[in-house]
Amino acid sequence: MNMYDSGNSLRIMQIAEIWMPIGPDITYGGVQRVIRYLDREYVKRGHVSIVAAPADCQVEGCLFSTIEESKWKRYDGFREHVEAKEELERHCRMIIDFLTGRDDTGSVKRVDIIHSHTGFISSHEYRKRGGEINIPILKTLHWPYNPENKEEYEYWRRLQNDRKIFFNAISNAQKRNFERCIEVCDVIYHGIPLEEFPFENSKSDYLFCFGNIRPIKGTHIAIEVAKRTDMRLIIGGEIYTTNKRYYEEMIKPHVDGDQIQFIGPLTDIEKVEWYKRAKALLMPIQFDEPFGLVMIEAMACGTPVIAFGRGSVPEIIKDEETGFVIYPSGNEEQDIREMINAVKRVESIKPRKCREHVEENFSIEKEANAYLSLYRDLVQNLAETLISVSYTNLTLPT
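As a starting point, this report considers the structure included with it. (Residues numbered from 1 in each chain as written. Predicted model: local features only at pLDDT ≥ 70, side-chain atom pairs only at ≥ 80, totals over all residues. Heavy atoms only, no water.)

Moving on to the overall build of the protein. On a plain count of helices and strands, the protein comes out with 13 helices and 15 strands. Out of the 398 residues belonging to the protein, those deemed buried represent 54%. Within the protein, residue pairs in contact and separated by at least 24 positions form 72% of the contacts whose partners lie at least 6 positions apart. Carbon together with sulfur atoms contributes 45% to the accessible area of the protein, which is approximately 18100 Å² in total. (Helix = DSSP H or I, 4+ residues; strand = E, 2+ residues; numbered from the N terminus. Buried < 20%, exposed > 50% of the residue type's maximum accessible area, 1.4 Å probe, protein only. Contact = heavy atoms within 4.5 Å. Areas by Shrake-Rupley, 256 points an atom, 1.4 Å probe, with all protein chains shown as cover.)

Let's shift gears to empty space enclosed by the protein. In total, this model carries 1 cavity of 30 Å³ or more according to the counting rule given. Quantified by volume, the largest cavity comes out at close to 60 Å³. Forming the walls of the largest cavity are Pro144, Tyr145, Ala173, Gln174, Asn177, Asp288, Glu289, Pro290 and Gly311. Of the residues assigned to the lining of the largest cavity, the class counts are 4 nonpolar, 3 polar and 2 charged. (1 Å grid on protein atoms, 1.4 Å probe; cavity = no way out; pocket = protein on both sides within 12 Å on 5 of 7 lines; lining within 4 Å. Points joined across faces, edges and corners; volume = space filled by probe spheres on them. Nonpolar A, V, L, I, M, F, W, Y, C, P; charged D, E, K, R; others polar.)

Attention now goes to the pattern of salt bridges. Taken as a whole, this structure holds 27 salt bridges when the rule is applied. Put simply, arginine 11 and aspartate 112 hold a salt bridge, and the shortest N to O gap is 3.0 Å. Taken together, the positions of arginine 11 in strand β1 (residues 11–15) and aspartate 112 in the loop between α2 (85–100) and β6 (113–116) put the pair 101 residues apart, joining distant regions of the chain. The residues arginine 11 and aspartate 112 share a single accessibility class, namely buried. Across the pair arginine 277 and glutamate 200 runs a salt bridge whose closest N-O atoms are separated by 3.7 Å. Placement of the pair is arginine 277 in helix α8 (residues 268–277) and glutamate 200 in the loop between β9 (186–187) and β10 (206–210), with a sequence separation of 77 residues. The exposure class assigned to arginine 277 is partly exposed, which follows from its relative accessible area of 36%. Taking the relative accessible area as the measure of exposure, glutamate 200 reaches 17% and is therefore buried. Within this structure, Arg33, Asp268, Lys271 and Glu297 form a network of salt bridges that share partners. (Salt bridge = Lys/Arg side-chain N within 4 Å of Asp/Glu carboxyl O.)

Summed over all chains, the structure comprises 17 aromatic pairs. Taking 5.7 Å as the distance between ring centres and 15 degrees as the angle between the ring planes, the aromatic pair formed by phenylalanine 208 and phenylalanine 210 counts as stacked. On the accessibility criterion, phenylalanine 210 (12% relative accessible area) is buried. An aromatic cluster of three or more residues is present, and its members are Tyr145, Tyr153, Trp156, Phe167 and Phe178. One cation-aromatic arrangement involves arginine 127 over tyrosine 155; the distance from NZ or CZ to the ring centre is 3.9 Å. (Phe/Tyr/Trp six-rings, centres within 6.5 Å; stacked < 30°, edge-to-face > 60°. Lys NZ or Arg CZ within 6 Å of the ring centre and 35° of its normal.)

What follows concerns the side chain of aspartate 97. Looking at where aspartate 97 falls in the secondary structure, it is placed in helix α2. In this structure aspartate 97 comes out as buried when scored by relative accessible area, which is 19%. Within the structure, the side chain of aspartate 97 is placed 2.9 Å from the side chain of arginine 129, a separation counted as a polar contact. (Polar contact = N/O pair within 3.5 Å; in protein donor to acceptor, adjacent residues only side chain to side chain.)

In structure tokens form, the structure reads like this:
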């Protein structure tokens, strides 16, 4: 494919993170999966899909590689968390060079829309040279609102005055939080390729807890629920070096290889096998989850989700139809008891209802439709703005 031959299609550049690679065998990375799924869907529909990412990434469209390899590697079972500020700035500098034609190929390069999934607009490079870009930039808010980032959010707000920077949320709960400081133009839920998450009606006798092993994910609470319901618990996920102490003090002492099992990082193929047969997915989160791909992945396989009702959870789970939403009381013991009661009732949830809920609301096709519609609106709005500005600045003859 020639990345510059677009015909009537949109020319889309997604900007990825530099931390973990995009590809079929990743074991962790919600953002990486979102980019990968959208990239494949855009190519399938005939759009020009460019992904700016490290060279060790695999994409369906065109990979614009910025650095040699992703920065977070796994050592001795733990994923190393590094800053890599210089590599991040290089990543952003190369993207700006590409978008403004500053390379040695002599090619005229242009995209219709930039879809940033990372801190591109907050980089030093963008702060210096962002004015050179006259292309709409959509930034998806993948992380929770953090009041400690107030200064950065105020900077984003100032950027919006140029009318080329836009933000979309991934849940209504997240949108409400961010609207304290910036304008959020839309809410677009994540979607998944349903063919990769086959439905299974028959369930086994274990609970499943899957995700990054860290305090805010509440893995220790899932262990307590499993012990007090006398059920097996399968725990899967990555452990970052920053959460090594939490794992070794709060998780590892309870892992016996029998009732409580830790099986480590899982590929998409591996995790689907655990999703399919689980009695339920436990999600005792301790923070306002912006979305939570694991919920729709589990439900697509027909597995109910039992989660604390923080952030997006009440939007994703249909309470008592596709799982149970437990609203935190402020008392951990009471919340654990409520989750235990939900586990005891989980067989009242029909697996087929879980699958249908995802089919109707969280398919990759629906997500791509929403983004493509938004892209077109933003491209048109910027074009109208530039025309308006040109007429405003026009000096008429007397």
